[in-house]
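Structural characterization, general
These are the residues of each chain, in order.
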Amino acid sequence: MPGMAANSKIFEYIKLPENLFETHFLEWDLPINNESLEAYALRMTKKIKHKNPILFGVSFGGILVQEMSKFIATKKVVVVSSVLHECEFPTRMKFAKKTKAYKLVPTSFFSNVENIAKYALGETATNRVGLYKKYMYVNDKRYLDWAIKEIINWKQKEIPSNVLHIHGAKDKVFPIKNIKGKNVIIIKNGTHVMIINKYKWFNENLPQLLTA
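Worth saying up front: this structure is predicted, and the values here are computed from it rather than measured.

A few points about the overall build of the protein chain
Along the backbone of the protein chain there are 8 helices and 4 strands. Each helix and strand of the protein chain, ordered N terminal to C terminal, gives the series α-β-α-β-α-α-α-α-β-β-α-α. If you take every contact in the protein chain between residues at least 6 apart in sequence, the share linking residues at least 24 apart comes to 63%. Only carbon and sulfur atoms are counted for the fraction: they give 52% of the accessible area of the protein chain, which is about 11,100 Å².

Spelled out as structure tokens, the structure:
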């Protein structure tokens, strides 16, 4: 499951041994009016046709697969560039939750891809905006409003023990200093988009991690 508003092309460089894994990609659907993240996650599980799958999610997709795993049996849940507990959110997100400041973002904000990239990636470099243009899947304000609200207001009081957490040491969206889990795998120089630019690490290490 890709990150907020992104498509499954973010996994284009991830190559797993075909004799061991069968890969299936999920894409974001538009949320139904007033749909909760829990209800959305349940709806997304209907797209999974195999028993005991490995769920793999990046950023907001990492949050979503954790919610999905509450409805179906899984062999493993892998979360990349994301959080496992609401306490791991950065201060700006906690402030937005407390003050409901996320509701004040104007509609025009979402008409600019650069602004979406800044919000989604937490970075302003031109090449990051270019990445977002390439991998952006949903540019619907209704979806973006919903996604930001659900991310900011996500409630998870305990760090799950059955989740494999992979995180970048230089992630600016979810800074590593806030990550509390003891079993997190930290990728040196990894950023929030390391699923794209650190794909060699994933290709070399995922097979063993997924079968462990």
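Once the structure has been displayed, the description carries forward.
Some remarks on helix H8 (residues 199–211)
Relative to the 18 Å expected for 13 residues at 1.5 Å per residue, H8 spans 18 Å between its end C-alpha atoms, a close match to the ideal helical length. Along H8, the sharpest change in direction is near 45° and occurs at Asn205; proline Pro207 comes one to four residues later. Within H8 the residues assigned to the buried category are Phe202, Leu206, Pro207 and Leu210. Against the buried residues of H8 lie strand E1 (54–58), strand E2 (76–80), strand E3 (163–168) and helix H7 (194–197).

Topic: the packing of aromatic side chains
Applying the stated criterion across every chain yields a total of 12 aromatic pairs. Between the aromatic rings of Phe89 and Phe174, the centroid separation amounts to 6.0 Å while the plane-to-plane angle is 50°, which identifies the pairing as tilted. Of this pair, Phe89 sits in the loop between E2 and helix H3 (91–99) while Phe174 sits in the loop between E3 and strand E4 (185–187); the two residues are 85 residues apart in sequence, bridging distant segments of the chain. Residue class for Phe89 comes out buried when judged on its relative accessible area of 4%. Here a set of aromatic residues connected by ring pairs shows up, and it is made of Trp28, Tyr40, Phe60, Tyr143 and Trp146.

Quick word on the packing of helix H1 (residues 37–45) against helix H2 (residues 60–68)
Viewed as axis vectors pointing N to C, H1 and H2 meet at an angle of 75°, and their least axial separation amounts to 8 Å. By the angle between their axes, H1 is roughly perpendicular relative to H2. Residues Leu37, Glu38, Tyr40, Ala41, Met44 and Thr45 of H1 form the contact with H2, whose own contacting residues are Phe60, Ile63, Leu64, Glu67 and Met68. Per-class residue counts for the contact of H1 with H2 are 8 nonpolar, 1 polar and 2 charged.

What to know about the pairing of E2
Both faces of the sheet carry side chains from a regular strand, because those side chains alternate between them. Within E2, 5 of the 5 residues are buried, which leaves it mostly tucked inside the rest of the structure. Chirality of the crossover, the property in question, places the unit of E1, H2 and E2 among those that are right-handed. Pairing of E2 with E3, which is carried by 4 bridges, proceeds in the parallel orientation. What sits directly across from Val78, in E3, is Leu164.

Description of the layout of surface pockets
Estimated volume of the largest pocket: approximately 880 Å³. The wall of the largest pocket is formed by 31 residues, among which Leu16, Glu22, Thr23, His24 and Ile54 lie closest to the centre. Mapped onto the lining of the largest pocket, the elements with two or more residues apiece are E1 and H8. Classifying every residue of the lining of the largest pocket gives 18 nonpolar, 5 polar and 8 charged.

What counts as what
Residues numbered from 1 in each chain as written. Predicted model: local features only at pLDDT ≥ 70, side-chain atom pairs only at ≥ 80, totals over all residues. Heavy atoms only, no water. Helix = DSSP H or I, 4+ residues; strand = E, 2+ residues; numbered from the N terminus. Contact = heavy atoms within 4.5 Å. Areas by Shrake-Rupley, 256 points an atom, 1.4 Å probe, with all protein chains shown as cover. Expected span 1.5 Å × (residues − 1). Bend = angle between axes of the 7 residues up to and from the residue. Buried < 20%, exposed > 50% of the residue type's maximum accessible area, 1.4 Å probe, protein only. Phe/Tyr/Trp six-rings, centres within 6.5 Å; stacked < 30°, edge-to-face > 60°. Axes fitted to C-alpha atoms, helices over the stretch in contact; angles between N-to-C directions. Parallel < 35°, antiparallel > 145°, perpendicular 65-115°, else oblique. Nonpolar A, V, L, I, M, F, W, Y, C, P; charged D, E, K, R; others polar. Right-handed = clockwise from strand over helix to strand, strands pointing away. Pairing = 2+ DSSP bridges. 1 Å grid on protein atoms, 1.4 Å probe; cavity = no way out; pocket = protein on both sides within 12 Å on 5 of 7 lines; lining within 4 Å. Points joined across faces, edges and corners; volume = space filled by probe spheres on them.

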